[in-house]
Amino acid sequence: MPLADEFTNSVLALKLVEHIKTALCPEQPVRLMEFCGSHTAAILRYGIRQLLPPGIELLSGPGCPVCVTDQSDIDRALYLARVPGVIMATFGDMLKVPGSQGSLAEARAEGADVRVAYSTMDALQLARENPSRRIIFLGVGFETTAPTIAASVAQAAEQNIGNYAVFSLAKICPPVIKALLDGGEVRLHGLICPGHVSAIIGTEPYEFIARDHAVACVVAGFEPVDILQAITMLLTQLREARPRVEVAYTRGVMPIGNLHALNLMSQIFETSAVSWRGMGEVPASGLKLRAKYAAHDAERLYDIPPIPAHEATGCICGEILRGVKTPADCSLFGLACTPAHPIGPCMVSGEGACGAYHSYGDGRGG
């Protein structure tokens, strides 16, 4: 059987479902959270919640980088996009994210030069092609994207591309997982940890999850068999009362991570406190450019004034990101708030819980 087929094989998936049913104790319901937005989308797309026995509850976490970008940061990005002479380059998901005063798409319609970049190297090429303009790349993402942002800054510095800058809103995941668990708002028994992020950082940064919080932890891939295997492994840990960090996604993740990518991130970035939508300020969870690269740091190049931020009335995106509520609890969902006209960022991205619910239903036949 080809490797790709193995992880989408329905026979293997159903065998794992039967194993999960026998492994679950009906008297002890289990609450698991998939941190990654790609996992949320996959769980709903493949109907995994419908396959699982009633005693397992799956919650969606804050693992969508577009969704967790704080309202104030969206507003600051809008300010930069409207600066005369600036070309704002961004991934397409960011265009429709609503700020307090519109979105980047609306700013573009009003005359701002906002362009979609498919990679950081596209943005760097824009700088080469427009030497009289300042190119600002809106650097949103987690550890998966951060090395590519770092590479663009390193290359701009080496090649003396002085008109290239980054507005870094990049974030790292372990600190916000810690904040989520420390908050105790939702009692979790296990975490499905993100495969792509873990391919960069490895497994050591998750050790505190089991050690300090007695929460089971498995790094998973994104196919149905991957996710069901991870759930099986989590139930085994819970049955043994021995929470630990395990990798189900061995074809993509090594415990040591990607040392080259980590070294590059460390060279260009330093950690800082940063605000997450729905979570508030989380220490050491943001990635800001080091002072050495100030010439490529949009925050240092421009004096961004304080901009009063306000959330849309009725939007519960922050609570959804914390796992306290689901999109089905939102009075705006599917009515005032749709992918065509999003009120909150969770409806914008394909990794957002609201966008996934809107595309696939709630995973229980909805």
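Because the structure is a prediction, the values reported are computed rather than measured. (Residues numbered from 1 in each chain as written. Predicted model: local features only at pLDDT ≥ 70, side-chain atom pairs only at ≥ 80, totals over all residues. Heavy atoms only, no water.)

Caption draft 1: The nonpolar core, seen in detail. If you look at the biggest cluster of nonpolar residues, it comprises 100 residues, and the most contacted ones within it are Tyr-164, Tyr-206 and Ile-209. The biggest single contributor to this core is helix α9 (residues 146-158), with 6 residues. Counting contributing residues, this core receives three or more from each of domain 1 (1-312) and domain 2 (317-360). When neighbours within four sequence positions are excluded, Tyr-164 is seen to be in contact with Thr-120, Ala-123, Leu-124, Ala-127, Ile-135, Phe-137, Ser-152, Val-153, Ala-156, Ala-295 and His-296. Formed by 28 residues, the second largest nonpolar core is a distinct cluster that contains Val-17, Ala-23, Leu-24 and Ala-42. (Core = buried A, V, L, I, M, F, W, Y, C linked by side-chain atoms within 4.5 Å. Buried < 20%, exposed > 50% of the residue type's maximum accessible area, 1.4 Å probe, protein only. Helix = DSSP H or I, 4+ residues; strand = E, 2+ residues; numbered from the N terminus. Domains from an automatic or database assignment. Contact = heavy atoms within 4.5 Å.)

Caption draft 2: Examining the packing of aromatic side chains more closely. All told, the structure shown has 4 aromatic pairs when counted by the stated rule. Considering the side-chain rings of Phe-142 and Trp-276, the 5.9 Å spacing of their centres and the 25° angle between planes classify their relative orientation as stacked. Of this pair, Phe-142 sits in the loop between β5 (134-139) and α9 while Trp-276 is found in strand β10 (residues 269-276), placing the two residues 134 residues apart along the sequence. Using a relative accessible area of 6% as the deciding quantity, one classes Phe-142 as buried. Taken together, the ring pairs connect Phe-35, Phe-142 and Trp-276 into an aromatic cluster. Geometry around Trp-276 places Lys-171 over its ring, the cationic atom sitting 5.9 Å from the centre. (Phe/Tyr/Trp six-rings, centres within 6.5 Å; stacked < 30°, edge-to-face > 60°. Lys NZ or Arg CZ within 6 Å of the ring centre and 35° of its normal.)

Caption draft 3: Structural detail: helix α8 (residues 120-129). Along α8, the residues classified as buried are Thr-120, Ala-123, Leu-124, Leu-126 and Ala-127. Burial along α8 is one-sided: seen end-on, the buried residues are contained in an arc of 150°. Buried residues along α8 sit in contact with β3 (86-90), β4 (113-116), β5, α9 and β6 (164-168). (Arc of directions from axis to C-beta.)

Caption draft 4: Structural detail: the domain arrangement of the protein. Domain boundaries in the protein define domain 1 (1-312) and domain 2 (317-360). Computed from C-alpha atoms alone, the centre-to-centre distance between domain 1 and domain 2 is 17 Å. In this complex, domain 1 contributes 29 residues to the contact, which on the side of domain 2 involves 23 residues. Of the roughly 2,100 Å² buried between domain 1 and domain 2, counting both surfaces, carbon and sulfur atoms make up 65%. Counting every contact that joins domain 1 to domain 2 gives 1 salt bridge. Glu-185 is paired through a salt bridge with Arg-322; the nearest N and O atoms lie 2.7 Å apart. For the pair domain 1 and domain 2, the number of links is 5 residue pairs in polar contact (both at pLDDT 80 or more). Broken down by element, the side of domain 1 that touches domain 2 gets its largest block of residues, 6 residues, from helix α3 (residues 37-45). A class-by-class count of the residues in the side of domain 1 that touches domain 2 yields 16 nonpolar, 7 polar and 6 charged. (Buried area = accessible area lost by both parts, 1.4 Å probe. Salt bridge = Lys/Arg side-chain N within 4 Å of Asp/Glu carboxyl O. Polar contact = N/O pair within 3.5 Å; in protein donor to acceptor, adjacent residues only side chain to side chain. Nonpolar A, V, L, I, M, F, W, Y, C, P; charged D, E, K, R; others polar.)

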